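Residue-level structure breakdown
If you want the building blocks of each chain, they are given just below.
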Amino acid sequence: MTKFPKGFLWGGATAANQLEGAYNEGGKGLSVPDALPGGTERFDITNQPDFNWEIDTKKYTYPNHDGIDYYHRFREDIALFAEMGFKAYRFSIAWSRIFPQGDELTPNEEGLAFYDKVIDECLKYNIEPVITISHYELPLNLVTTYGGWKNKKLIEFYARFSETVLNRYHAKVKYWMTFNEINSALHFPVMSQGLVASNGANDMQNVYQAWHNQFVAGAMAVKIGHELDPDLQIGCMILYATTYSYNSDPINQMATLEQNQEFNHFCGDVQVRGEYPTYTNRLMQKYGFKFSDLETTPEELALLKANPVDYIGFSYYMSATVDETHVAQDSAQGNLIGGVKNPYLKASDWGWQIDPTGLRIALNELYQRYQKPLFIVENGFGAKDEADEDKFVNDDYRIDYLRSHIEAMADAINDGVNLMGYTPWGCIDLVSASTGQMSKRYGFIYVDLNDEGQGTLNRFKKKSFSWYKEVIKTNGRKL
Ligand code: BG6
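Residues numbered from 1 in each chain as written. Predicted model: local features only at pLDDT ≥ 70, side-chain atom pairs only at ≥ 80, totals over all residues.

On to the overall build of the chain, then. Along the backbone of the chain there are 15 helices and 12 strands. On the principal axes, the C-alpha backbone points of the chain span a range of 60 × 55 × 50 Å. In the chain, buried positions account for 52% of the 479 residues. (Helix = DSSP H or I, 4+ residues; strand = E, 2+ residues; numbered from the N terminus. Buried ≥ 20, exposed ≤ 12 C-beta atoms within 10 Å, placed from the backbone.)

Encoded structure:
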(Lines give C-alpha, C1' and ligand atoms only; values in the text may rest on other atoms or scores of the structure.)
Protein backbone atom coordinates (compact mmCIF):
# COMPACT_ATOMS: atom_id res chain seq x y z
CA MET A 1 0.00 0.00 0.00
CA THR A 2 1.11 3.58 -0.69
CA LYS A 3 2.88 5.27 2.17
CA PHE A 4 1.71 8.60 3.43
CA PRO A 5 4.49 11.16 3.20
CA LYS A 6 6.63 11.95 6.22
CA GLY A 7 5.21 14.91 8.12
CA PHE A 8 1.68 14.22 6.87
CA LEU A 9 -0.70 16.40 8.89
CA TRP A 10 -3.06 13.94 10.57
CA GLY A 11 -5.51 15.65 12.89
CA GLY A 12 -9.06 16.90 13.28
CA ALA A 13 -11.19 19.97 12.60
CA THR A 14 -13.72 22.14 14.41
CA ALA A 15 -15.19 25.66 14.17
CA ALA A 16 -15.52 28.20 16.96
CA ASN A 17 -19.27 28.73 16.73
CA GLN A 18 -20.03 25.01 16.84
CA LEU A 19 -18.13 24.16 20.02
CA GLU A 20 -16.92 27.12 22.06
CA GLY A 21 -20.22 28.22 23.64
CA ALA A 22 -19.70 31.19 26.01
CA TYR A 23 -21.46 33.23 23.33
CA ASN A 24 -21.66 36.33 25.50
CA GLU A 25 -18.51 35.95 27.61
CA GLY A 26 -15.10 37.54 27.28
CA GLY A 27 -16.49 40.60 25.51
CA LYS A 28 -17.78 38.55 22.57
CA GLY A 29 -20.48 40.07 20.37
CA LEU A 30 -23.30 38.17 18.68
CA SER A 31 -22.56 36.25 15.49
CA VAL A 32 -24.83 34.88 12.77
CA PRO A 33 -24.97 31.33 14.22
CA ASP A 34 -25.91 32.79 17.63
CA ALA A 35 -29.16 33.87 15.95
CA LEU A 36 -29.85 30.56 14.18
CA PRO A 37 -32.43 28.34 15.87
CA GLY A 38 -31.57 24.70 16.53
CA GLY A 39 -33.25 21.91 14.57
CA THR A 40 -33.57 20.63 11.06
CA GLU A 41 -35.73 23.60 10.06
CA ARG A 42 -33.11 26.23 10.88
CA PHE A 43 -32.56 27.25 7.23
CA ASP A 44 -36.30 27.27 6.48
CA ILE A 45 -36.82 29.66 9.39
CA THR A 46 -34.05 32.02 8.30
CA ASN A 47 -35.43 32.04 4.77
CA GLN A 48 -38.86 33.35 5.78
CA PRO A 49 -39.35 36.76 4.12
CA ASP A 50 -39.88 38.43 7.52
CA PHE A 51 -36.91 36.82 9.32
CA ASN A 52 -35.22 39.63 11.28
CA TRP A 53 -32.43 37.92 13.30
CA GLU A 54 -34.14 38.49 16.62
CA ILE A 55 -33.22 35.88 19.22
CA ASP A 56 -36.46 34.48 20.67
CA THR A 57 -35.59 31.95 23.36
CA LYS A 58 -39.27 31.35 24.15
CA LYS A 59 -39.88 30.05 20.67
CA TYR A 60 -36.56 28.39 19.74
CA THR A 61 -33.44 26.80 21.19
CA TYR A 62 -30.02 28.22 20.28
CA PRO A 63 -27.48 25.40 20.59
CA ASN A 64 -24.55 27.54 19.41
CA HIS A 65 -24.87 29.71 22.54
CA ASP A 66 -23.40 27.02 24.76
CA GLY A 67 -21.81 24.70 22.19
CA ILE A 68 -19.98 21.97 24.08
CA ASP A 69 -18.45 24.54 26.47
CA TYR A 70 -15.03 24.23 24.85
CA TYR A 71 -14.33 27.84 25.87
CA HIS A 72 -13.92 26.55 29.41
CA ARG A 73 -12.72 23.02 28.61
CA PHE A 74 -10.32 23.46 25.68
CA ARG A 75 -7.34 22.20 27.70
CA GLU A 76 -9.06 18.90 28.43
CA ASP A 77 -10.14 18.59 24.79
CA ILE A 78 -6.74 19.40 23.28
CA ALA A 79 -5.16 16.91 25.70
CA LEU A 80 -7.46 14.25 24.21
CA PHE A 81 -6.45 15.30 20.67
CA ALA A 82 -2.81 14.97 21.75
CA GLU A 83 -3.54 11.52 23.17
CA MET A 84 -4.74 10.49 19.71
CA GLY A 85 -1.43 11.78 18.37
CA PHE A 86 -2.76 14.73 16.35
CA LYS A 87 -0.10 16.45 14.27
CA ALA A 88 -2.51 19.26 13.35
CA TYR A 89 -5.69 20.78 14.73
CA ARG A 90 -7.88 22.94 12.52
CA PHE A 91 -10.05 25.47 14.34
CA SER A 92 -11.48 28.89 13.61
CA ILE A 93 -11.29 32.23 15.35
CA ALA A 94 -14.69 33.64 16.26
CA TRP A 95 -14.60 37.03 14.54
CA SER A 96 -17.03 38.45 17.12
CA ARG A 97 -14.60 37.60 19.97
CA ILE A 98 -11.99 39.83 18.33
CA PHE A 99 -14.25 42.54 16.88
CA PRO A 100 -17.58 42.10 18.72
CA GLN A 101 -19.56 44.28 16.30
CA GLY A 102 -17.25 43.62 13.37
CA ASP A 103 -16.72 47.31 12.55
CA GLU A 104 -14.63 48.53 15.52
CA LEU A 105 -11.18 50.00 14.97
CA THR A 106 -9.52 48.25 17.90
CA PRO A 107 -9.75 44.59 18.81
CA ASN A 108 -11.00 43.02 22.03
CA GLU A 109 -7.86 41.95 23.92
CA GLU A 110 -9.73 39.32 25.93
CA GLY A 111 -10.69 37.55 22.71
CA LEU A 112 -7.14 37.62 21.40
CA ALA A 113 -5.82 36.32 24.72
CA PHE A 114 -8.21 33.34 24.53
CA TYR A 115 -6.70 32.19 21.23
CA ASP A 116 -3.17 32.76 22.60
CA LYS A 117 -4.03 30.12 25.17
CA VAL A 118 -5.57 27.73 22.63
CA ILE A 119 -2.55 28.02 20.32
CA ASP A 120 -0.07 27.57 23.17
CA GLU A 121 -1.96 24.52 24.34
CA CYS A 122 -1.61 22.98 20.86
CA LEU A 123 2.09 23.83 20.66
CA LYS A 124 2.67 22.25 24.07
CA TYR A 125 1.85 18.92 22.38
CA ASN A 126 3.60 19.72 19.06
CA ILE A 127 0.23 20.04 17.34
CA GLU A 128 0.30 22.44 14.37
CA PRO A 129 -2.59 24.90 14.64
CA VAL A 130 -4.43 25.32 11.33
CA ILE A 131 -6.62 28.39 11.51
CA THR A 132 -9.71 29.23 9.50
CA ILE A 133 -10.05 33.00 9.70
CA SER A 134 -13.77 32.99 8.94
CA HIS A 135 -15.87 29.87 9.43
CA TYR A 136 -19.61 30.61 9.12
CA GLU A 137 -19.51 33.11 12.00
CA LEU A 138 -19.90 36.70 10.78
CA PRO A 139 -20.50 39.24 13.53
CA LEU A 140 -24.29 39.70 13.47
CA ASN A 141 -23.99 43.50 13.28
CA LEU A 142 -22.30 43.18 9.89
CA VAL A 143 -25.52 41.59 8.66
CA THR A 144 -28.13 43.71 10.44
CA THR A 145 -26.37 47.07 9.85
CA TYR A 146 -24.48 46.44 6.60
CA GLY A 147 -26.47 43.69 4.86
CA GLY A 148 -23.74 41.03 4.90
CA TRP A 149 -20.98 40.36 2.36
CA LYS A 150 -22.76 42.02 -0.58
CA ASN A 151 -21.64 45.31 1.03
CA LYS A 152 -18.09 46.29 0.06
CA LYS A 153 -17.51 47.79 3.52
CA LEU A 154 -16.99 44.23 4.74
CA ILE A 155 -13.73 44.01 2.80
CA GLU A 156 -12.25 46.65 5.09
CA PHE A 157 -13.63 44.99 8.24
CA TYR A 158 -12.31 41.57 7.25
CA ALA A 159 -8.92 43.04 6.30
CA ARG A 160 -8.68 44.59 9.78
CA PHE A 161 -9.72 41.32 11.42
CA SER A 162 -7.32 39.17 9.40
CA GLU A 163 -4.46 41.63 9.86
CA THR A 164 -5.07 41.60 13.62
CA VAL A 165 -5.00 37.82 13.95
CA LEU A 166 -2.19 37.26 11.44
CA ASN A 167 -0.08 39.85 13.24
CA ARG A 168 -0.77 38.37 16.62
CA TYR A 169 -0.28 34.68 15.82
CA HIS A 170 1.89 34.39 12.70
CA ALA A 171 5.04 33.48 14.63
CA LYS A 172 3.24 30.44 16.07
CA VAL A 173 0.82 29.48 13.30
CA LYS A 174 1.98 28.55 9.81
CA TYR A 175 -1.24 27.22 8.22
CA TRP A 176 -4.23 29.46 7.56
CA MET A 177 -7.41 29.48 5.49
CA THR A 178 -9.34 32.58 4.47
CA PHE A 179 -13.01 31.47 4.33
CA ASN A 180 -14.64 28.15 5.13
CA GLU A 181 -16.52 26.52 2.23
CA ILE A 182 -16.77 29.79 0.33
CA ASN A 183 -18.71 28.12 -2.51
CA SER A 184 -21.50 26.90 -0.21
CA ALA A 185 -23.15 30.31 -0.69
CA LEU A 186 -24.46 29.10 -4.03
CA HIS A 187 -27.14 27.20 -2.09
CA PHE A 188 -26.99 28.60 1.46
CA PRO A 189 -25.61 32.15 1.53
CA VAL A 190 -26.74 32.69 5.12
CA MET A 191 -23.78 30.90 6.66
CA SER A 192 -20.86 32.42 4.82
CA GLN A 193 -22.29 35.64 3.38
CA GLY A 194 -24.97 36.65 5.90
CA LEU A 195 -27.61 36.71 3.15
CA VAL A 196 -31.15 35.49 3.78
CA ALA A 197 -34.35 36.02 1.80
CA SER A 198 -35.10 39.24 3.69
CA ASN A 199 -31.79 40.87 2.70
CA GLY A 200 -31.30 39.69 -0.85
CA ALA A 201 -30.30 36.02 -0.87
CA ASN A 202 -32.71 35.26 -3.70
CA ASP A 203 -30.98 37.64 -6.09
CA MET A 204 -27.92 35.78 -7.37
CA GLN A 205 -26.22 39.03 -8.31
CA ASN A 206 -25.93 39.69 -4.55
CA VAL A 207 -24.36 36.28 -4.00
CA TYR A 208 -21.81 36.86 -6.78
CA GLN A 209 -21.11 40.40 -5.55
CA ALA A 210 -20.58 38.98 -2.06
CA TRP A 211 -18.19 36.39 -3.51
CA HIS A 212 -16.23 39.08 -5.30
CA ASN A 213 -15.94 41.04 -2.06
CA GLN A 214 -14.81 37.89 -0.24
CA PHE A 215 -12.24 37.09 -2.95
CA VAL A 216 -10.77 40.58 -2.59
CA ALA A 217 -10.78 40.37 1.21
CA GLY A 218 -9.17 36.93 1.08
CA ALA A 219 -6.46 38.19 -1.30
CA MET A 220 -5.75 41.00 1.18
CA ALA A 221 -5.28 38.41 3.93
CA VAL A 222 -2.87 36.45 1.70
CA LYS A 223 -0.91 39.65 1.00
CA ILE A 224 -0.78 40.67 4.67
CA GLY A 225 0.26 37.17 5.72
CA HIS A 226 3.01 36.86 3.14
CA GLU A 227 4.37 40.29 4.00
CA LEU A 228 4.64 39.17 7.61
CA ASP A 229 6.29 35.90 6.65
CA PRO A 230 6.62 34.54 3.10
CA ASP A 231 6.62 31.01 4.50
CA LEU A 232 3.08 31.24 5.85
CA GLN A 233 0.78 28.84 4.01
CA ILE A 234 -2.56 30.49 3.36
CA GLY A 235 -5.19 28.42 1.61
CA CYS A 236 -8.72 28.69 0.32
CA MET A 237 -11.39 26.26 1.51
CA ILE A 238 -13.94 24.73 -0.79
CA LEU A 239 -16.85 22.38 -0.25
CA TYR A 240 -16.10 19.78 -2.91
CA ALA A 241 -18.72 17.31 -4.05
CA THR A 242 -17.53 15.13 -6.90
CA THR A 243 -20.34 15.36 -9.44
CA TYR A 244 -21.53 12.61 -11.74
CA SER A 245 -24.00 12.54 -14.56
CA TYR A 246 -26.93 10.20 -13.84
CA ASN A 247 -26.48 8.61 -17.26
CA SER A 248 -24.72 9.07 -20.58
CA ASP A 249 -27.36 11.42 -22.01
CA PRO A 250 -25.34 14.41 -23.29
CA ILE A 251 -27.93 16.73 -21.72
CA ASN A 252 -27.00 15.35 -18.31
CA GLN A 253 -23.30 15.40 -19.16
CA MET A 254 -23.51 19.09 -20.05
CA ALA A 255 -25.49 19.85 -16.88
CA THR A 256 -22.80 18.04 -14.89
CA LEU A 257 -20.11 20.16 -16.50
CA GLU A 258 -22.04 23.33 -15.59
CA GLN A 259 -22.63 22.21 -12.01
CA ASN A 260 -18.95 21.39 -11.64
CA GLN A 261 -17.99 24.80 -12.94
CA GLU A 262 -20.40 26.75 -10.81
CA PHE A 263 -20.23 24.80 -7.55
CA ASN A 264 -16.93 22.96 -7.42
CA HIS A 265 -14.61 25.15 -9.46
CA PHE A 266 -15.66 28.80 -9.75
CA CYS A 267 -14.44 30.03 -6.34
CA GLY A 268 -11.27 27.97 -6.43
CA ASP A 269 -10.47 29.14 -9.95
CA VAL A 270 -10.49 32.76 -8.76
CA GLN A 271 -8.66 32.13 -5.49
CA VAL A 272 -6.03 29.76 -6.87
CA ARG A 273 -5.43 31.28 -10.32
CA GLY A 274 -6.08 34.88 -9.27
CA GLU A 275 -8.50 35.61 -12.09
CA TYR A 276 -12.07 34.98 -13.08
CA PRO A 277 -12.49 31.90 -15.28
CA THR A 278 -13.49 32.18 -18.94
CA TYR A 279 -16.95 30.70 -18.21
CA THR A 280 -17.85 33.42 -15.68
CA ASN A 281 -20.28 35.32 -17.89
CA ARG A 282 -22.13 32.17 -18.90
CA LEU A 283 -22.76 31.37 -15.22
CA MET A 284 -24.06 34.87 -14.60
CA GLN A 285 -26.19 35.08 -17.76
CA LYS A 286 -28.56 32.41 -16.49
CA TYR A 287 -29.44 34.75 -13.61
CA GLY A 288 -29.84 37.75 -15.91
CA PHE A 289 -26.66 39.73 -15.24
CA LYS A 290 -23.06 39.85 -16.40
CA PHE A 291 -19.66 40.34 -14.82
CA SER A 292 -19.58 44.04 -15.74
CA ASP A 293 -22.74 44.54 -13.63
CA LEU A 294 -20.74 43.69 -10.49
CA GLU A 295 -18.92 46.40 -8.59
CA THR A 296 -15.27 45.62 -9.23
CA THR A 297 -12.23 47.83 -9.74
CA PRO A 298 -9.02 47.27 -11.74
CA GLU A 299 -7.08 47.57 -8.46
CA GLU A 300 -9.12 44.75 -6.93
CA LEU A 301 -8.58 42.52 -9.96
CA ALA A 302 -4.84 43.23 -9.82
CA LEU A 303 -4.83 42.36 -6.11
CA LEU A 304 -6.49 39.00 -6.87
CA LYS A 305 -3.94 38.25 -9.57
CA ALA A 306 -0.98 39.10 -7.33
CA ASN A 307 -2.15 37.12 -4.30
CA PRO A 308 -3.35 33.61 -5.08
CA VAL A 309 -3.59 31.08 -2.27
CA ASP A 310 -0.77 28.65 -1.44
CA TYR A 311 -2.82 25.49 -1.16
CA ILE A 312 -6.35 24.18 -1.62
CA GLY A 313 -8.13 23.19 1.54
CA PHE A 314 -11.38 21.37 0.93
CA SER A 315 -14.11 19.41 2.63
CA TYR A 316 -15.37 16.18 1.18
CA TYR A 317 -18.30 14.25 2.59
CA MET A 318 -20.18 12.88 -0.40
CA SER A 319 -20.65 13.02 -4.15
CA ALA A 320 -23.60 14.41 -6.11
CA THR A 321 -25.45 13.10 -9.14
CA VAL A 322 -27.07 15.31 -11.76
CA ASP A 323 -30.20 14.40 -13.69
CA GLU A 324 -31.35 17.30 -15.82
CA THR A 325 -33.67 15.00 -17.79
CA HIS A 326 -35.68 13.92 -14.73
CA VAL A 327 -35.53 10.18 -15.35
CA ALA A 328 -34.27 9.34 -11.85
CA GLN A 329 -36.91 8.48 -9.26
CA ASP A 330 -35.53 9.86 -6.00
CA SER A 331 -33.85 13.05 -4.96
CA ALA A 332 -30.87 13.00 -2.62
CA GLN A 333 -30.03 15.02 0.46
CA GLY A 334 -26.68 16.32 1.37
CA ASN A 335 -24.09 18.76 2.40
CA LEU A 336 -25.89 21.84 1.06
CA ILE A 337 -26.25 20.19 -2.34
CA GLY A 338 -29.14 18.22 -3.76
CA GLY A 339 -29.20 16.15 -6.92
CA VAL A 340 -30.66 12.67 -7.28
CA LYS A 341 -29.96 9.38 -5.54
CA ASN A 342 -27.05 7.47 -6.96
CA PRO A 343 -28.19 3.82 -7.14
CA TYR A 344 -24.64 2.58 -6.53
CA LEU A 345 -24.16 4.33 -3.19
CA LYS A 346 -25.38 3.90 0.38
CA ALA A 347 -26.26 6.93 2.51
CA SER A 348 -25.94 8.12 6.10
CA ASP A 349 -28.92 8.63 8.45
CA TRP A 350 -29.17 12.16 7.01
CA GLY A 351 -29.14 10.93 3.40
CA TRP A 352 -25.54 11.94 2.62
CA GLN A 353 -24.26 9.45 0.03
CA ILE A 354 -21.07 7.65 1.00
CA ASP A 355 -18.51 7.57 -1.80
CA PRO A 356 -14.81 7.11 -1.04
CA THR A 357 -13.97 6.68 -4.72
CA GLY A 358 -15.46 10.13 -5.19
CA LEU A 359 -12.74 11.43 -2.87
CA ARG A 360 -10.03 9.85 -5.02
CA ILE A 361 -11.63 11.48 -8.07
CA ALA A 362 -11.84 14.84 -6.24
CA LEU A 363 -8.16 14.70 -5.32
CA ASN A 364 -7.16 13.88 -8.89
CA GLU A 365 -9.44 16.55 -10.39
CA LEU A 366 -8.26 19.28 -8.03
CA TYR A 367 -4.59 18.45 -8.33
CA GLN A 368 -4.64 18.22 -12.12
CA ARG A 369 -6.56 21.51 -12.28
CA TYR A 370 -4.36 23.58 -9.98
CA GLN A 371 -1.15 21.64 -9.28
CA LYS A 372 -0.90 23.13 -5.82
CA PRO A 373 -0.85 21.10 -2.59
CA LEU A 374 -4.18 19.81 -1.35
CA PHE A 375 -5.35 19.56 2.25
CA ILE A 376 -8.50 17.61 3.18
CA VAL A 377 -9.64 19.79 6.06
CA GLU A 378 -13.03 18.12 6.58
CA ASN A 379 -14.41 14.65 6.01
CA GLY A 380 -16.49 12.46 8.25
CA PHE A 381 -19.61 10.58 9.08
CA GLY A 382 -22.50 12.26 10.89
CA ALA A 383 -24.39 9.56 12.78
CA LYS A 384 -26.79 8.99 15.65
CA ASP A 385 -24.39 7.40 18.11
CA GLU A 386 -25.89 5.23 20.86
CA ALA A 387 -23.80 5.34 24.02
CA ASP A 388 -24.05 2.38 26.43
CA GLU A 389 -24.43 2.76 30.21
CA ASP A 390 -20.73 3.60 30.49
CA LYS A 391 -21.14 6.19 27.72
CA PHE A 392 -19.05 4.07 25.36
CA VAL A 393 -19.93 4.27 21.66
CA ASN A 394 -19.13 1.35 19.42
CA ASP A 395 -18.90 3.33 16.17
CA ASP A 396 -17.70 0.72 13.69
CA TYR A 397 -19.73 2.50 10.98
CA ARG A 398 -17.58 5.63 11.48
CA ILE A 399 -14.39 3.59 11.38
CA ASP A 400 -15.56 1.94 8.14
CA TYR A 401 -16.32 5.32 6.58
CA LEU A 402 -13.00 6.87 7.58
CA ARG A 403 -10.98 3.78 6.67
CA SER A 404 -12.42 3.71 3.16
CA HIS A 405 -11.73 7.41 2.67
CA ILE A 406 -8.16 7.10 3.94
CA GLU A 407 -7.65 4.21 1.49
CA ALA A 408 -8.92 6.49 -1.27
CA MET A 409 -6.41 9.14 -0.15
CA ALA A 410 -3.60 6.59 -0.35
CA ASP A 411 -4.74 5.65 -3.87
CA ALA A 412 -4.76 9.31 -4.90
CA ILE A 413 -1.24 9.81 -3.52
CA ASN A 414 -0.25 6.81 -5.62
CA ASP A 415 -1.91 8.57 -8.58
CA GLY A 416 0.60 11.40 -8.06
CA VAL A 417 -1.45 13.82 -5.96
CA ASN A 418 0.36 16.07 -3.48
CA LEU A 419 -1.72 15.78 -0.30
CA MET A 420 -0.55 17.66 2.81
CA GLY A 421 -2.88 16.39 5.47
CA TYR A 422 -6.20 15.15 6.73
CA THR A 423 -8.27 16.73 9.48
CA PRO A 424 -11.60 14.88 9.78
CA TRP A 425 -14.55 17.02 10.81
CA GLY A 426 -15.88 17.31 14.31
CA CYS A 427 -13.10 15.31 15.94
CA ILE A 428 -15.06 15.94 19.12
CA ASP A 429 -18.89 15.94 18.95
CA LEU A 430 -20.21 19.45 18.37
CA VAL A 431 -23.27 21.34 17.13
CA SER A 432 -24.20 20.54 13.53
CA ALA A 433 -23.98 23.49 11.15
CA SER A 434 -26.91 22.58 8.92
CA THR A 435 -29.32 21.28 11.54
CA GLY A 436 -28.13 22.72 14.85
CA GLN A 437 -28.35 19.24 16.35
CA MET A 438 -26.03 17.57 18.86
CA SER A 439 -27.44 14.21 17.86
CA LYS A 440 -25.67 14.41 14.48
CA ARG A 441 -22.27 13.35 15.73
CA TYR A 442 -18.93 13.11 13.96
CA GLY A 443 -16.45 12.81 16.81
CA PHE A 444 -13.89 10.36 18.08
CA ILE A 445 -14.91 11.82 21.44
CA TYR A 446 -18.47 11.57 22.70
CA VAL A 447 -19.88 14.60 24.48
CA ASP A 448 -22.70 13.89 26.91
CA LEU A 449 -25.18 16.48 25.66
CA ASN A 450 -28.49 16.06 23.85
CA ASP A 451 -30.50 18.21 21.45
CA GLU A 452 -32.42 19.74 24.35
CA GLY A 453 -29.18 20.95 25.92
CA GLN A 454 -29.26 18.35 28.71
CA GLY A 455 -26.25 16.31 29.81
CA THR A 456 -23.14 16.41 31.95
CA LEU A 457 -20.93 17.68 29.09
CA ASN A 458 -18.42 15.03 30.10
CA ARG A 459 -16.18 13.65 27.37
CA PHE A 460 -15.85 9.90 26.57
CA LYS A 461 -13.60 8.12 24.06
CA LYS A 462 -15.47 6.24 21.34
CA LYS A 463 -14.14 3.06 19.74
CA SER A 464 -12.90 5.18 16.81
CA PHE A 465 -10.63 7.10 19.23
CA SER A 466 -8.17 4.24 19.65
CA TRP A 467 -8.57 3.23 16.00
CA TYR A 468 -7.58 6.72 14.77
CA LYS A 469 -4.73 6.85 17.29
CA GLU A 470 -3.29 3.74 15.67
CA VAL A 471 -3.78 5.15 12.17
CA ILE A 472 -1.77 8.23 13.11
CA LYS A 473 0.87 6.24 14.98
CA THR A 474 1.52 4.06 11.94
CA ASN A 475 1.25 7.03 9.50
CA GLY A 476 -1.75 5.42 7.83
CA ARG A 477 -0.30 1.92 7.47
CA LYS A 478 -2.66 0.28 9.95
CA LEU A 479 -6.26 0.94 9.01
C1 BG6 B 1 -19.22 21.59 6.59
C2 BG6 B 1 -18.95 22.75 7.51
O3 BG6 B 1 -20.20 21.95 5.68
O4 BG6 B 1 -19.73 20.42 7.09
C5 BG6 B 1 -19.01 22.44 8.98
O6 BG6 B 1 -17.76 23.41 7.20
C7 BG6 B 1 -20.13 21.45 9.21
O8 BG6 B 1 -19.17 23.65 9.67
C9 BG6 B 1 -19.79 20.17 8.48
O10 BG6 B 1 -20.41 21.21 10.55
C11 BG6 B 1 -20.78 19.05 8.68
O12 BG6 B 1 -22.06 19.50 8.39
P13 BG6 B 1 -23.24 19.37 9.42
O14 BG6 B 1 -24.33 20.15 8.85
O15 BG6 B 1 -23.54 17.92 9.50
O16 BG6 B 1 -22.75 19.93 10.71
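After that view of the structure, there is still more to cover.
Moving on, we come to the nonpolar core. In this structure, I93, I238, I312, F314 and M409 are the most contacted members of the largest nonpolar core, which totals 135 residues. It is helix α9 (residues 204–228) that provides the largest number of residues to this core, a total of 12 residues. (Core = buried A, V, L, I, M, F, W, Y, C linked by C-beta atoms within 7 Å.)

In the contact formed by α9 and helix α12 (residues 298–306), the axes pass within 9 Å of each other and the chain directions differ by 50°. Judged by the inter-axis angle, α9 sits oblique to α12. In the crossing of α9 with α12, the sense of the turn from one axis to the other is left-handed. On α12, the residues that touch F215, V216, A219 and M220 of α9 are E300, L303 and L304. Taken together, the residues of the contact of α9 with α12 sort by class into six nonpolar, no polar and one charged. (Axes fitted to C-alpha atoms, helices over the stretch in contact; angles between N-to-C directions. Parallel < 35°, antiparallel > 145°, perpendicular 65-115°, else oblique. Left-handed = near helix turned anticlockwise from the far one by under 90°. Contact = placed C-beta atoms within 7 Å. Nonpolar A, V, L, I, M, F, W, Y, C, P; charged D, E, K, R; others polar.)

This part takes up the sheet that holds strand β1 (residues 9–13). Taken in spatial order, the eight strands line up as β1-β2-β3-β4-β5-β7-β9-β10 and close into a barrel, and their pairing is parallel. Going across the sheet, the axis of each strand differs from the next one's by a mean of 30°, ignoring polarity. Where β1 and strand β10 (residues 419–422) come together, two bridges link them in parallel fashion. Note on β10: the bridge partner recorded for W10 is Y422. (Pairing = 2+ DSSP bridges.)

Taken together, the neighbourhood of the ligand is formed by 16 residues, with E181, G382, S432, A433 and S434 sitting nearest. Among the residues forming the shell around the ligand, the class breakdown is five nonpolar, eight polar and three charged. (Near = placed C-beta within 6 Å.)

Our next topic: helix α14 (residues 396–414). Between the first and last C-alpha of α14 there are 27 Å, a value that for 19 residues agrees with the 27 Å anticipated at 1.5 Å per step. Buried within α14 are the following residues: R398, Y401, L402, H405, I406, A408, M409 and A412. The buried side chains of α14 occupy one side of the element, clustering within an arc of 155° when seen end-on. Residues D396 and N414 are exposed on α14 and point more than 90 degrees away from its buried face. Residues of α14 that are buried in the fold lie against α13 (356–370), β9 (374–378), β10 and α15 (463–473). The first or second residue beyond α14 is G416, which carries a positive phi of 110°. (Expected span 1.5 Å × (residues − 1). Arc of directions from axis to C-beta.)

As a further point, take the UniProt feature "active site" (unreviewed entry) in the chain. Under the local residue numbering, the UniProt record ascribes the feature "active site" (unreviewed entry) to E378. With respect to the helices, strands and loops of the structure, E378 is situated in strand β9. E378 has contacts with A13, S315 and W425, leaving out every residue within four places of it along the chain. (UniProt positions renumbered as here; feature names shortened; annotations may be inferred.)

Within strand β4 (residues 175–179), five of the five residues are buried, leaving the element largely enclosed by the surrounding structure. With four bridges joining them, strand β3 (residues 128–134) and β4 adopt parallel strand pairing. Of the residues in β4, the one forming a bridge with S134 is F179.

By the secondary structure assignment, D50 is in the loop between α2 (42–46) and α3 (70–84). The class of D50 is exposed, set by 6 C-beta atoms lying within 10 Å. It is 26 Å that separates the C-alpha atoms of D50 and N213, two residues lying 163 residues apart in sequence.

Let's shift gears to unusual backbone geometry. In terms of backbone geometry, most residues other than glycine have negative phi values and most peptide bonds are trans. Of note in this structure, A22 is not a glycine but carries a positive phi near 45°. The residue A22 is located in the loop between α1 (16–19) and α2 in this model. Residue class for A22 comes out partly exposed when judged on the 17 C-beta atoms lying within 10 Å of it. Phi at H326 takes a positive value of approximately 55°, unusual for a residue other than glycine.

Burial runs high along β3: six of the seven residues are buried. Note: strand β2 (residues 88–92) against β3, five bridges, orientation parallel. Residue pairing for β3: A88 is matched across the bridge by E128.

The next subject is the environment of L257. By the secondary structure assignment, L257 is in helix α10 (residues 250–273). The partly exposed category is assigned to L257, around which 14 C-beta atoms lie within 10 Å. Taking the C-alpha atoms as reference points, L257 and Y244, 13 residues apart in sequence, are found 9.0 Å from one another.

To continue, consider the packing of helix α7 (residues 153–169) against α9. A packed helix pair is summarised by two numbers, namely the angle formed by the two axes and the spacing between the axes. Put simply, α7 and α9 touch, their axes get as near as 9 Å, and they point 25° apart. Considering their axes alone, α7 and α9 lie roughly parallel with respect to each other. The hand of the α7/α9 crossing is right-handed. Residue-level inspection shows L154, I155, Y158, A159, S162, E163, L166 and N167 of α7 in contact with α9, the latter providing N213, V216, A217, M220, A221, I224, G225 and L228. When the residues that make up the contact of α7 with α9 are grouped by side-chain class, the tally is 11 nonpolar, four polar and one charged.

Per-residue confidence for the chain gives a mean pLDDT of 96; residues scoring 70 or more make up 98%. This prediction of the complex comes with two scores: 0.97 for pTM and 0.99 for ipTM. (pLDDT = per-residue confidence, 0-100.)

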